[in-house]
Amino acid sequence: MQIDYAFLETLKRGIDVDFHKNRYVRDQSIPHAPCKNLCLNKQEQRLALKNALRYFHPDLHEKLVPEFLYELQTYGHIYMYRLIPNYEMKAYPYDKYPCQCKQAQVIMHMIMNNLNHEVAQFPHELITYGGNGSVFQNWAQYHLTMQYLTQMTENQTLVMNSGHPQGLFPSHPDAPRIVLSNGMMIPNYSTQSHYEKHYALGNTMYGQMTAGSYCYIGSQGIVHGTTLTLLNAARKYLNTDSLNGVVFVSSGLGGMSGAQPKAADILGCISVIAEVSEKALDKRLKQGWVKKKITDVEEVITQIKLAKQEKRAESIGFLGNIVLLWERLAQEEVNLVHLGSDQTSLHNPFNGGYYPVQLSFEEANQMMVQDPEQFKKLVYQSLVRQVDAINQLTAKGMHFWDYGNRFLLESRRAGANVNSEHDEQLFRYPSYFQDIMGDIFSLGFGPFRWICSSGLCEDLRKTDKIAEQVLQDLIINSPKIVADQLRDNLDWIRKAEENKLVIGSQARILYADTQARTEIAIRFNEGVKKGEISGPIVLSRDHHDVSGTDSPFRETADIYDGSQFTADMAVQNVIGDSFRGATWVALHNGGGVGWGEVINGGFGLVLDGSDDASRRAKMMLQWDVNNGVARRSWCGNQNAQFNIKRQMEMEPLLKVTIPYVSDAVDKLEF
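Starting afresh in each chain, residues are numbered from 1 along the sequence in its written order. The predicted origin of the model limits local features to residues at a pLDDT of at least 70 and limits the giving and counting of side-chain atom pairs to 80 or more, whereas totals for whole chains, interfaces and linings rest on all residues. Side-chain metrics in this entry use all non-hydrogen atoms of the structure; hydrogen atoms and water are not considered.

In the nomenclature of an unreviewed UniProt entry, the protein is known as urocanate hydratase of Paramecium sonneborni. UniProt positions are given in the numbering used here, feature names are shortened, and annotations may be inferred rather than shown by experiment. UniProt lists a comment for the protein under the heading Catalytic activity (unreviewed entry), and it reads "4-imidazolone-5-propanoate = trans-urocanate + H2O". Regarding the protein, the UniProt comment filed under Sequence similarities (unreviewed entry) reads as follows: "Belongs to the urocanase family."

Written out as structure tokens, the structure reads:
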């Protein structure tokens, strides 16, 4: 069927208010963000309204004030629902966007993918994943940003401040087309209460990681990481490469957590994932990422036993609270579970990220707004119960890890028994990064990804083949420790298409190191140049990567020189990417473990077939990986020291400070 793309011309208009439309009423056929507790006094509410009205001509203010006040007082935020576009929100072929430069076309493709109803968690609230990971704060910002992108040339840079398009500024072709920052606060004000206040005022937003940087590719982005985590957890804890008959239990089927059953299924595992939102579970069921939906916890136990007995893969979505599931599993005399974790959005525990076991889903959504103090008490009581059940299961042999969602940190705040018996400053369970993924990152392997802006699955298929060939070539002369990682990823890319991972844009993720990323990029660009690939390729990565994130409870949890609480690496990374060729760069406060707990950044780089694109890719990708490897080397990681020395041998211009190791201090008595 031929599509008429003329409607995309409306993107040139910017903010266009249509008062012929009825006032928006939330469409209950799609998921919506929970209502927020309004934390503003009357004077601050007036300020929030004035802030919102700045986007509109004064002639419109009297009509808009009642609507915006209603949204603020009902939902806790001004989303400007009246401005929701009438067209279908999805990533259209890049060349259909009415722009002055190719890079702007590709960026529009990426933005609309982040807001695609099949991709975004709460599309009408402009939230892509994680409960509050926003692309923009309101729909006026969306329209104004898209208008600027239609006007942008290669001699301009768009400055984005927490969703707000500050404007186009003169620059040059090698400069980024967009510089984004999300949630950056003066350190003393980087608290949850300040986030809630300033989000309500329209001053800042929580960009999560790839939501606010326009680089989300659906849950595929986390499926591969989850697959590697489970595979390496089995190797470490169970001493096996095979997950047949292995039972994995966790929670969450949202934008990120929804990857868990798919990853388990790829590995032939038995997974049970609890989810309190029926819409979220049904979405994963429809996508085929969950095979069974079960509402009775006793039936879950029966199905686990059957699948274990038959040693067959199974993915069960339990519609119910994870605490009930853990407590029922703990009652079994013989332990049924080998591996366990949690992916509730505990970076946002009191506003929809965690649902206490004492309440139904609907009751919780009401109480978090009407009685937030009581809701907080119930969340903490629920976490105590959850940890007690998990502790019983680990005593029977289950292996549990924190998945970087702040589970252990919030459980400690709740008073749950999560402290190490040997050191109360430490947790009794490891972060998955400490135990499983940290050494992989130190070798330079992390979530590298690409997007075919043509929107054609044929182009994605071609890029898969190119990546496969690059990995095959690199394995031949690589040291074993590197070759082993390349083989895991070679197996992944060969099966990627049959695993049906694409949701939204034609995108792929692959854990790759410096050499693999650089060589894949150069060969992609050659394919575009020769016309073998029909449109530009966007390179990106998760912010959760080798260099992209400073986060003491996740990405830098395995750094033991005390510097895990510093954020120089992530900030330096974005600065370095910006002048080495990135098409856009982003720096965020928050992401994964929460506001004030992490600084992270990312990039987008457009490969358009030009020689300049190859030059930029080679220069930027080497820095983007090796910056983090150098930092991890300085902190004493042996894999990182091995890797950075190898990188210096291959690149004469790279000179990195290598630490000396001293045991003299250990002999001191004082």
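Draft legend 1. Highlighting the overall build of the protein. Along the backbone of the protein there are 21 helices and 17 strands. A radius of gyration in this sense is built from C-alpha atoms; the matching globule rule multiplies 2.2 Å by the number of residues raised to 0.38. Relative to a compact globule of 670 residues, whose C-alpha radius of gyration would be 26 Å, the protein shows 24 Å and is just as compact. Across its three principal directions, the C-alpha atoms of the protein cover 70 × 65 × 60 Å. Sequence-distant contacts in the protein: of pairs separated by 6 or more residues, those separated by 24 or more amount to 71%. For the protein, the exposed surface amounts to about 26,500 Å²; the carbon and sulfur share of it is 50%. When charges are counted, Lys and Arg contribute as positive and Asp and Glu as negative, whereas His and the chain ends are disregarded. Note that the charge is assigned to NZ on lysines, CZ on arginines, CG on aspartates and CD on glutamates. Placing the 66 positive and 75 negative side-chain charges of the protein at their respective mean positions leaves the two points 2 Å apart. Put simply, DSSP H or I for four residues or longer makes a helix, DSSP E for two residues or longer makes a strand, and each gets a number counted from the N terminus. Contact criterion: two residues are considered in contact whenever any of their non-hydrogen atoms come within 4.5 Å of each other. The Shrake-Rupley method, run with a 1.4 Å probe sphere, supplies the accessible areas, and residue values consider only the shown protein chains as cover.

Draft legend 2. Representation of the UniProt feature "domain: Urocanase N-terminal" (unreviewed entry) in the protein within the structure. In the numbering used here, UniProt assigns the "domain: Urocanase N-terminal" (unreviewed entry) feature to residues 89–215. End C-alpha to end C-alpha, residues 89–215 measures 16 Å, and it is 28% helix and 18% strand.

Draft legend 3. Expanded view of unusual backbone geometry. Unlike most non-glycine residues, Q208 shows phi in positive territory, near 50 degrees. Position of Q208 among the secondary structure elements: in the loop between α5 (192–201) and α6 (220–238). Despite not being glycine, K311 has its phi angle at roughly 50 degrees, a positive value. Relative to the helices and strands, K311 resides in the loop between α9 (297–310) and β9 (314–319). Accessibility here uses a 1.4 Å probe with only protein chains present; expressed as a share of the type maximum, an area under 20% marks a residue as buried, one over 50% as exposed, and anything in between as partly exposed. Take K311: its relative accessible area is 58%, and that puts it in the exposed class.

Draft legend 4. A look at the pattern of salt bridges. Each salt bridge in this description consists of a side-chain nitrogen of Lys or Arg and a carboxyl oxygen of Asp or Glu lying within 4 Å of one another. This structure, assessed with the given rule, holds 40 salt bridges. The shortest N-O distance in the salt bridge between R523 and E519 comes to 2.8 Å. Here R523 and its partner E519 are both found in helix α18 (residues 514–530), four residues apart, which amounts to about one turn of the helix. Under the relative-accessibility criterion, R523 is labelled partly exposed at 28%. Accessibility expressed as a relative area gives 28% for E519, which makes it partly exposed. Through salt bridges with shared partners, a single ionic network connects D174, D612, R615 and R616.

Draft legend 5. Structural context of the side chain of Q564. Relative to the helices and strands, Q564 is located in the loop between β15 (549–550) and α19 (568–578). Beyond its immediate sequence surroundings of up to four residues, Q564 is in contact with S551, P552, T556, I559 and R631.

Draft legend 6. Region of the structure containing the UniProt feature "domain: Urocanase Rossmann-like" (unreviewed entry) in the protein. Residues given the UniProt feature "domain: Urocanase Rossmann-like" (unreviewed entry) here are residues 218–436. The straight-line gap between the two end C-alpha atoms of residues 218–436 is 23 Å; of that span, 51% is helix and 11% is strand.

Draft legend 7. Fine view of α6. Expected span of a helix, by definition, is 1.5 Å for each gap between consecutive residues, and there is one gap fewer than residues. For α6, with 19 residues, the first-to-last C-alpha span of 26 Å sits near the 27 Å given by 1.5 Å per residue. Summarising burial for α6: 16 of the 19 residues are buried, a large majority. Of the residues flanking the end of α6, it is N239, one or two places downstream, whose phi is positive at about 60 degrees.

Draft legend 8. A look at the sheet that holds strand β11 (residues 399–400). In this description, strands pair whenever DSSP reports at least two bridges between them. Read across the sheet, six strands follow the order β8-β9-β7-β6-β10-β11 without closing on themselves; strand pairing throughout is parallel. The two strands at the open ends of the sheet, each matched to only one other strand, are β8 (292–294) and β11. Sheet topology places β8 next to β9; three bridges connect them, and they run parallel. Among the inter-strand pairings, I294 is bridged to a residue of β9, identified as F318.

Draft legend 9. The arrangement of helix α3 (residues 102–114) in detail. For α3, with 13 residues, the first-to-last C-alpha span of 19 Å sits near the 18 Å given by 1.5 Å per residue. Within α3, burial applies to Q103, A104, Q105, V106, I107, M108, H109, M110, I111, M112, N113 and N114.

Draft legend 10. Fine view of the pairing of strand β14 (residues 537–541). Taking burial as the measure, the five residues of β14 include five buried ones, the bulk of the element. Alternating residues of β14 divide into I537, L539 and R541 and V538 and S540, and every residue in both groups is buried. Of the strand pairs in this sheet, strand β12 (residues 446–452) and β14 are connected by five bridges, and their pairing is antiparallel. Within the sheet, the bridge partner assigned to C452 lies in β14 and is I537. Pairing analysis gives four bridges linking β14 to strand β17 (residues 599–607), with the strands arranged antiparallel. When the bridges of β17 are listed, L539 appears paired with L605.

Draft legend 11. Local environment of the pairing of strand β13 (residues 506–512). β13 sits mainly inside the fold: seven of its seven residues count as buried. Bridge analysis of β12 against β13 gives seven bridges, and the strand direction is antiparallel. Residue G446 lies in a different strand from β13, and its bridge partner there is A512.

Draft legend 12. Representation of the packing of aromatic side chains within the structure. Here a pair means two rings of Phe, Tyr or Trp (six-membered ring of Trp) with centres within 6.5 Å. Their orientation is stacked below 30 degrees between planes, edge-to-face above 60, and tilted elsewhere. By the definition in use, this model includes 31 aromatic pairs. Here Y79 and Y81 contribute two aromatic rings whose centre-to-centre distance is 5.3 Å and whose plane-to-plane angle is 40 degrees, an arrangement assigned as tilted. In this structure Y79 comes out as buried when scored by relative accessible area, which is 0%. By relative accessible area, which is 2% here, Y81 ends up buried. A ring pair is formed by F448 and W450, whose centres lie 6.0 Å apart and whose planes are at 55 degrees; its orientation type is tilted. Classification of F448 by relative accessible area gives buried; the value is 0%. W450 gets classed as buried once you look at its relative accessible area, which sits at 0%.

Draft legend 13. Representation of a nonpolar patch on the surface in the model. A cluster of nonpolar side chains, contributed by V571, I575 and F579, occupies part of the molecular surface with about 280 Å² of accessible area. On the secondary structure map, I575 appears in helix α19. Patches were defined on residues exceeding 30% relative accessible area and lacking a salt bridge, with like-charge contacts within 9 Å and nonpolar side-chain contacts (Val, Leu, Ile, Met, Phe, Trp, Tyr) within 5 Å.

Draft legend 14. Examining the nonpolar core more closely. Only buried residues count toward a nonpolar core. Its members are Ala, Val, Leu, Ile, Met, Phe, Trp, Tyr and Cys residues joined through side-chain atoms within 4.5 Å. The biggest cluster of nonpolar side chains holds 160 residues, and the ones touching the most others in it are Y142, Y214 and L539. The element that contributes the greatest number of residues to this core is α6, accounting for eight residues. If you look at the next biggest cluster of nonpolar residues, it comprises 46 residues, including V272, L383, A389 and A414.

Draft legend 15. Region of interest: the environment of A313. Examined against the element boundaries, A313 turns out to sit in the loop between α9 and β9. The sequence separation of A313 and L267 amounts to 46 residues, and the corresponding C-alpha distance is 8.1 Å. With residues up to four places along the chain from it excluded, the contact list for A313 reads D265, G268 and C269.

Draft legend 16. Structural view of the state of the cysteines. Disulfide: a pair of cysteine sulfur atoms within 2.5 Å of each other. Considering all chains together, one arrives at zero disulfides under this definition. Residue C99 stays outside any disulfide, its sulfur separated by 6.8 Å from that of C101, the closest cysteine.

Draft legend 17. Expanded view of the side chain of T549. With respect to the helices and strands, the residue T549 is situated in strand β15. When its relative accessible area of 0% is taken as the criterion, T549 is described as buried. In protein, a polar contact means a hydrogen-donor-capable atom and an acceptor-capable atom, both N or O and within 3.5 Å, with residues adjacent in sequence counting only if both atoms are side-chain atoms; elsewhere, any N or O pair within 3.5 Å suffices. For T549, the side chain forms a polar contact with the main-chain oxygen of H543, separated by 2.6 Å. With residues near it in sequence (within four places) discarded, T549 still touches M209, H543, H544, E555, T556, M569, A570, V598, I599 and N600.

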